[in-house]
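If you want the building blocks of each chain, they are given just below.
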Amino acid sequence: MSENWNAVYQDRPYVNKNPYEGVIEFLKLIRERGLHEVLDLGCGDGRHLVYLVREGFCATGMDYSLWGTLRTKEWLTRENLLAELVCAEAACLPWSGERFDAVMSVQVIHHQKITALRRSFAEVKRVLRPGGFFYAVVPHFPPEDWKDGKYIEIEDHTFVPIEGFEQGIPHHFFTEDELVSELSGFKVLEVKEDQRGKFFVLARKKVV
Ligand SMILES: C[S@@+](CC[C@H](N)C(=O)[O-])C[C@H]1O[C@@H](n2cnc3c(N)ncnc32)[C@H](O)[C@@H]1O
């Protein structure tokens with residue numbers, strides 16, 4: 001699937017240059033608590049990673065698209081900014097446990113079938129320090145007016161577009177109950193829903 005994203009980042013990089021409003025809020029919360037090591041899981045071509053570094057966080061970006069990470073690197077270099085950047089799979093993070101104070105992931109985790117998606121949530125938990133924060137943006141079920149109906153359902157609530165640049169890429173759409181239940185290793189602090197079909201979830205790794 002990373003080839004699809006490679007093609008996107010080769011052909012039209014930096015479509016979104018500004019961070020999500022919710023990310024800005026999330027980082028305020030992290031800063032207020034004196035936390036600073038943040039992983040941007042699925043950093044794409046870098047809009048949040050660049051923002052994180054500009055804001056003084058110790059930032060790490062990862063994405064399975066080599067072209068995404070290359071574009072991110074280009075942007076960081078242009079601005080003379082430093083961050084660790086890794087090309088890897090969300091379901092198999094290349095860090096030993098409890099490395100980050102916070103993990104954020106904007107429209108990434110749902111691009112997998114349910115087994116890999118569950119592994120990814122478990123990986124997020126594994127790399128977070130106890131009490132660490134997780135912020136994610138995922139689409140909610142049902143997919144309304146999506147892709148003009150040009151998709152197939154391959155698993156419960158997981159849809160694959162049959163044309164366009166996302167052809168072949170799974171999109172899992174969550175109900176709120178499902179999202180909370182998949183995050184059972186976390187204390188879910190807030191789930192917000194916007195008018196454009198997205199959930200914004202804020203959770204915290206339980207301290208045992
Ligand atoms: C919609 S883009 C979002 C990029 C970025 N988070 C942003 O908000 O600009 C989805 C990104 O997730 C990455 N991605 C999708 N599935 C992934 C996986 N299983 N492991 C790592 N990265 C993944 C893609 O390569 C792509 O860069």
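The rules behind the values
- Residues numbered from 1 in each chain as written.
- Predicted model: local features only at pLDDT ≥ 70, side-chain atom pairs only at ≥ 80, totals over all residues.
- Helix = DSSP H or I, 4+ residues; strand = E, 2+ residues; numbered from the N terminus.
- Buried ≥ 20, exposed ≤ 12 C-beta atoms within 10 Å, placed from the backbone.
- Contact = placed C-beta atoms within 7 Å.
- Pairing = 2+ DSSP bridges.

Chemist: Can you tell me about the environment of E98, naming the residues and giving the values?
Modeler: As for its placement among the helices and strands, E98 is situated in the loop between β3 (84-87) and β4 (100-106). For E98, a count of 14 C-beta atoms within 10 Å translates into the label partly exposed. Separated by 27 residues in sequence, E98 and K125 have C-alpha atoms that sit 8.2 Å apart. Excluding its chain neighbours within four sequence positions, the residues that come into contact with E98 are L128 and R129.

Chemist: Provide a residue-level description of helix α3 (residues 47-54), including the pertinent values.
Modeler: Within α3, 6 of the 8 residues are buried, which leaves it mostly tucked inside the rest of the structure. Taken residue by residue, α3 has R47, H48, L49, V50, L52 and V53 as its buried positions. Summarising the contacts, the buried residues of α3 are in contact with α2 (21-32), β1 (37-41), β2 (58-63), α4 (66-78) and β4. Positive phi appears at G56, one or two residues downstream of α3, with a value of about 90°.

Chemist: Please set out the sheet that holds strand β7 (residues 158-161) residue by residue, giving values where relevant.
Modeler: Paired through their backbone hydrogen bonds, the strands of a sheet run either parallel or antiparallel. The antiparallel open sheet is built from 3 strands, whose spatial order is β6-β7-β8. Lying at the two open borders of the sheet, with one neighbouring strand each, are β6 (151-155) and β8 (171-172). Relative to β8, β7 runs antiparallel, the two being bridged by 2 bridges. Bridging from a neighbouring strand, T158 pairs with H172 of β8.

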